Amino acid sequence: HMSIVYKILNQFVLLFPEKCGIDLLRKGIRLMNIPDSNENDNLVIFIKNYTKVHPDQYDEIWKHLKSALNNARYDIYTSFCIKPIISCITIIFLSNKTKVIEILYTHLLPLFRHERLYIYYDKLIDLVNRLINNNIIHQLNVIQYLIKHFPYQCGKKQPLFSATLITITSSMLSRQLNPIATKLFTFIAMCIQSPNSKLAESGLSFFMKKSMRPIIGSNFDFAI
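Here we summarise the structure given alongside this text. Keep in mind it's a predicted model, so treat the numbers as computed, not measured.

This paragraph deals with the overall build of the protein. When helices and strands are tallied, the protein shows 15 helices and 0 strands. Along the first, second and third principal axes, the C-alpha set of the protein runs to 70 × 30 × 25 Å. On the protein, roughly 11,700 Å² of surface is accessible, and the fraction owed to carbon and sulfur atoms is 55%. Mean positive and mean negative side-chain charge positions of the protein (26 and 15 charges, respectively) differ by 5 Å.

As structure tokens, this is what we get:
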């Protein structure tokens, strides 16, 4: 029933934008704190439509989405809202990549440290990868951030961190990874030796990547 209500609302905001103010947008963002993915998908469409008919409020909408991510990070909002908010950012704001890059270190990367990362992981890694692709400085920074904040005490999150590092490094050349070669080698060795079978398998996959071979070779003496 709620899905029907949201679909009507999505049409209403397009037909009568003057009747829909910023308070309605704020309520839409707060409603994302529920686990129902279908309702959240409709709310994402609502915010997309709202932005379309209120281009003058572009910066204010951006401000409210950023604030919602911070609220989720500090458990003021539930982790269920993160996935649809990231969808909104990807759909509405990613065309302005420079604007979204500004929140990479302040709003997006800290979400990897949330205990319920698995709820929104796919959306988060997709957005982060789009932002940093072909930017060596950001790629190296993100890799080092993830290694520094690796969840040693949370076996459920460990394979997600490793998978993220594999995703990011898959588009990079060995020479681009050289500045952090020792850190990468140490991380891969830790993964392979882990009692967490999923993490160990992920570490082996990392170890076998073509771009890792020169790094493994250059750190052979270190390994001994």
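This brings us to unusual backbone geometry. Located in the positive-phi region is D75, a residue other than glycine, with phi close to 65°. Within the secondary structure, D75 sits in the loop between α4 (58-73) and α5 (82-93). The class for D75 is exposed, based on a relative accessible area of 54%. One non-glycine residue with positive phi stands out, namely N134, at about 70°. Structurally, N134 can be placed in the loop between α8 (121-132) and α9 (136-148). Exposure remark for N134: the relative accessible area of 69% places this residue in the exposed category.

A few words now on the packing of helix α2 (residues 22-30) against helix α3 (residues 37-53). Across the interface, α2 lies against α3 with an axial gap of 10 Å and an inter-helix angle of 155°. Relative to α3, the element α2 lies roughly antiparallel. The interaxial crossing formed by α2 with α3 has left-handed handedness. Together, I22, L24, L25, G28 and I29 of α2 and L43, F46, I47 and Y50 of α3 make up the contact between the two elements. Across the contact of α2 with α3, the residue classes break down as 8 nonpolar, 1 polar and no charged.

Let us look at the environment of I92. Tracing the backbone shows I92 in helix α5. Given the relative accessible area of 13%, I92 is considered buried. For I92 and I137, which are 45 residues apart along the polypeptide, the C-alpha to C-alpha distance reads 25 Å.

Let us now look at the packing of aromatic side chains. Describing an aromatic ring pair means giving the distance of the ring centres and the angle of the ring planes. Summed over all chains, the structure comprises 9 aromatic pairs. Their ring planes at 55° and their centres at 6.1 Å tell us that F46 and Y50 sit as a pair that is tilted. Taken together, the residues span about one helical turn, with F46 and Y50 both in helix α3 at a distance of 4 residues. The exposure class of F46 is buried, given its relative accessible area of 2%. Y50 sits in the buried class, given a relative accessible area of 0%.

Taken as a whole, α2 has its buried residues at I22, L25, G28 and I29. Axial view of α2: buried residues confined to an arc of 110°, hence all on one face. The inward-facing, buried residues of α2 abut α3, α4 and α5.

On the surface, F12, L14, L15 and F16 cluster together to form a nonpolar patch covering roughly 360 Å² of accessible area. Tracing the backbone through its elements, the reader meets F12 in helix α1 (residues 2-15).

When you line up the elements, H138 lands in helix α9. Sequence spacing of H138 and S3 is 135 residues, and the spatial spacing of their C-alpha atoms is 39 Å. At 2.6 Å, the side chain of H138 and the side chain of Y105 are in polar contact.

Thresholds, definitions, all that
- The numbers attached to residues start from 1 for each chain and follow its sequence in the written order.
- Residue-level local features of this predicted model are given only where pLDDT is at least 70; pairs of side-chain atoms are given and counted only at 80 or more, and the full residue set underlies all totals for whole chains, interfaces and linings.
- The side-chain values count all of the structure's non-hydrogen atoms but skip hydrogen atoms and water molecules.
- A run of DSSP states H or I qualifies as a helix once it reaches four residues; a run of E qualifies as a strand once it reaches two. Both are numbered from the N-terminal end.
- Areas reported here follow the Shrake-Rupley algorithm with a probe of radius 1.4 Å; residue values treat only the protein chains shown as occluding.
- Only four residue types enter the tally: Lys and Arg on the positive side, Asp and Glu on the negative side; His and the chain ends are excluded.
- The location of each charge is read from NZ of Lys, CZ of Arg, CG of Asp or CD of Glu.
- Relative accessibility under 20% of the residue-type maximum defines a buried residue, over 50% an exposed one, and the middle range a partly exposed one, all with a 1.4 Å probe and only protein chains included.
- Convention adopted: a line fitted to C-alpha atoms gives each axis, helices being fitted over their contacting stretch, and angles between N-to-C directions are expressed from 0 to 180 degrees.
- Throughout this description, any angle smaller than 35 degrees is read as roughly parallel, any larger than 145 degrees as roughly antiparallel, any in the 65 to 115 degree range as roughly perpendicular, and the remainder as oblique.
- The sense of a crossing depends on the near helix, which, turned anticlockwise from the far helix by less than a right angle, makes the crossing left-handed and, turned clockwise, makes it right-handed.
- Contacts are assigned to residue pairs that have any heavy atoms within 4.5 Å of one another.
- Amino acids outside the nonpolar list (Ala, Val, Leu, Ile, Met, Phe, Trp, Tyr, Cys, Pro) and the charged list (Asp, Glu, Lys, Arg) are all regarded as polar, and Gly is one of them.
- For Phe, Tyr and Trp, rings pair up if their centres lie within 6.5 Å, where Trp contributes its six-membered ring, and each pair is then called stacked (planes under 30 degrees apart), edge-to-face (over 60) or tilted (otherwise).
- Regarding the arc, it is the one traced by the directions from the helix axis to the C-beta atoms.
- Patch construction takes residues with relative accessible area above 30% that form no salt bridge. Like charges are linked within 9 Å, and nonpolar side chains (Val, Leu, Ile, Met, Phe, Trp, Tyr) are linked within 5 Å.
- Take a side-chain nitrogen of Lys or Arg and a carboxyl oxygen of Asp or Glu: if they are within 4 Å of each other, that pair is a salt bridge.
- Residues adjacent in sequence count toward polar contacts only when both atoms are side-chain atoms; beyond that, a polar contact is any pair of N or O atoms within 3.5 Å, and within protein one must be able to donate a hydrogen and the other to accept it.

Limitation: the analysis is restricted to geometry and does not speak to function.
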